[in-house]
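Examining the three-dimensional arrangement
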Amino acid sequence: MGSALNKKKNTKIMDILNTLDEDFPSSTSTAVEPRKFYQAFLAAEERLASTPESYRDLRKSLLSELTSFLYHEGDSGKKMFRRRDGTPEVLTSLWLSAARQTAGWFATENAVPSFQGFDPSLLADLPRRFKNPVDLLQIRPFLSSYGIIFLRQEQLTSMRLDGAVFPIPSGQIVVALSLRYARLDNFWFTLMHELAHVVLHTNGLVDPIIDDLDTISDDILEKEADRLAADSLIPRHEWRSCPARYYHTEANVINFAQKLGIPAQCVAGRLQRELGRYNLFPKIINKYNTRDIFNEDKI
């Protein structure tokens, strides 16, 4: 019995070794270190085995990706978490592995260039360029031209995670959203927040930045990303004089959004959060469901 299990395990290892350089390109002068690779394989198996049984099929499909990632010293540094207690780290690892696998495939299939930078003016232009919800699916090819792979990675049960940003070895930056909340205002702020990390923090970005935006963070990087995202959506000097802050009518929300050229949901959602009144503007807030929009996506 033990011999059969070892044979099966060795077959798995060889299958992963055969795709290692394809999935995670390394220097041609660098040979695979068998002992290090085997340790990465065992670590990946252990990590995936601790996930709930309901994710069995996903675990199998991600063993190769996670082994390769750990072999190349992924998770060697400190992940940057902005999350509440309660989400098991192993689920976060599983979610990230799935996102990395999709991103690696997408980069290869679409010849996505390496990331060379993303200007703050491009960030501010994004919600204006793609203001119409039917255009949201065009965000991916736009960002791909800058070496940013944008994807939706559906959250796993019991997770409290909105998005993440991380580099992949082929040179691109990945921005992954879970769409935990289907509201358009949540979509835009989460995307802008993750892209703010891209604008501000990619020089030191090695390990993933993982965000639960329901959590208030004291981390300086998170505060910087929050501020840039908010100001890029609605500049501070404009927000100070926003009529809808003082007279809570749908017309004021819509007119102010039109003045700025952004979706009205972004204005309504910011007012809800600042006032703590989530009963305001339900017709505006609930007009679109971003999960429905991205369910039409092909990746």
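Moving on: the overall build of the chain. For the chain, the helix and strand inventory stands at 13 helices and 5 strands. Relative to its 299 residues, the chain shows a buried fraction of 49%. When the accessible area of the chain is evaluated, it comes to approximately 15,000 Å², of which 50% is carbon and sulfur surface.

The subject of this paragraph is helix α8 (residues 220-233). The end-to-end C-alpha distance of α8, which contains 14 residues, comes to 20 Å, matching closely the 20 Å that a straight helix rising 1.5 Å per residue would cover. Every buried residue of α8 is accounted for by E222, A225, L228, A229, A230, D231, S232 and L233. Its side-chain oxygen placed 2.8 Å from the backbone nitrogen of L221, D219 serves as the N-cap of α8.

As a further point, take the nonpolar core. Counting residues in each nonpolar core, the largest one holds 55 residues, and the members touching the most others are F187, W188 and L191. Setting aside residues up to four positions removed in sequence, W188 forms contacts with L126, P127, F130, L136, I139, L233, P263 and C266. By size, the runner-up hydrophobic cluster in this structure holds 34 residues, among which are L48, V112, L151 and A164.

What follows concerns the pattern of salt bridges. Tallied over the full model, the rule gives 9 salt bridges. Linking R180 and D162 is a salt bridge whose minimum nitrogen-to-oxygen distance equals 2.8 Å. With R180 in the loop between β4 (173-177) and α7 (184-201) and D162 in the loop between β2 (148-152) and β3 (163-167), this pair connects stretches of sequence that are 18 residues apart. For the pair R180 and D162, a shared accessibility class is recorded, and that class is buried. In this structure, R180 engages D214 in a salt bridge whose closest nitrogen and oxygen atoms are separated by 3.4 Å.

As a further point, take the confidence of the model for the chain. Looking at the chain as a whole, the pLDDT averages 85, with 83% of positions reaching at least 70. Within the model, the stretch residues 20-29 combines pLDDT values under 50 with 13 contacts to residues more than four positions away or in other chains.

Next up on the list: the packing of aromatic side chains. The geometry of an aromatic ring pair is captured by the separation of the ring centres together with the interplanar angle, meaning the angle of the planes. Using the criterion set out here, one finds 9 aromatic pairs in the structure. Ring geometry for F150 versus F187: centroids 6.3 Å apart, planes at 65°, classification edge-to-face. Of this pair, F150 sits in strand β2 while F187 sits in helix α7, and the two are 37 residues apart along the sequence. Using a relative accessible area of 1% as the deciding quantity, one classes F150 as buried.

Our next topic: the packing of helix α5 (residues 120-129) against α7. At a closest axis distance of 10 Å, the pairing of α5 and α7 adopts a crossing angle of 170°. Comparing their axes, α7 and α5 come out roughly antiparallel. Residues P120, L123, L126 and P127 of α5 pack against W188, L191, M192, L195, A196 and V199 of α7. In the contact of α5 with α7, the residues fall into 10 nonpolar, no polar and no charged.

Between α7 and α8, the shortest axis-to-axis distance is 8 Å and the interhelical angle comes to 120°. Regarding the angle of α7 to α8, the classification is oblique. Classified by chirality, the crossing of α8 by α7 is right-handed. Here W188, F189, M192, H193, A196, H197, V199, L200 and H201 of α7 lie close against α8, whose contacting residues are L221, E222, E224, A225, D226, L228, A229, A230, S232 and L233. Grouping the amino acids of the contact of α7 with α8 by side-chain chemistry returns 12 nonpolar, 4 polar and 3 charged.

This part is about unusual backbone geometry. The phi dihedral of A111 falls on the positive side, at around 50°, and the residue is not glycine. In this structure, A111 sits in the loop between α4 (89-109) and α5.

Moving on: the environment of L179. Here L179 is to be found in the loop between β4 and α7. Separated by 12 residues in the primary sequence, L179 and L191 place their C-alpha atoms 10.0 Å from one another. Excluding residues within four positions of it along the chain, L179 makes contact with R152, D162, F187, T290, R291 and F294.

Cut-off values and rules
- Residues numbered from 1 in each chain as written.
- Predicted model: local features only at pLDDT ≥ 70, side-chain atom pairs only at ≥ 80, totals over all residues.
- Heavy atoms only, no water.
- Helix = DSSP H or I, 4+ residues; strand = E, 2+ residues; numbered from the N terminus.
- Buried < 20%, exposed > 50% of the residue type's maximum accessible area, 1.4 Å probe, protein only.
- Areas by Shrake-Rupley, 256 points an atom, 1.4 Å probe, with all protein chains shown as cover.
- Expected span 1.5 Å × (residues − 1).
- Polar contact = N/O pair within 3.5 Å; in protein donor to acceptor, adjacent residues only side chain to side chain.
- Core = buried A, V, L, I, M, F, W, Y, C linked by side-chain atoms within 4.5 Å.
- Contact = heavy atoms within 4.5 Å.
- Salt bridge = Lys/Arg side-chain N within 4 Å of Asp/Glu carboxyl O.
- pLDDT = per-residue confidence, 0-100.
- Phe/Tyr/Trp six-rings, centres within 6.5 Å; stacked < 30°, edge-to-face > 60°.
- Axes fitted to C-alpha atoms, helices over the stretch in contact; angles between N-to-C directions.
- Parallel < 35°, antiparallel > 145°, perpendicular 65-115°, else oblique.
- Nonpolar A, V, L, I, M, F, W, Y, C, P; charged D, E, K, R; others polar.
- Left-handed = near helix turned anticlockwise from the far one by under 90°.

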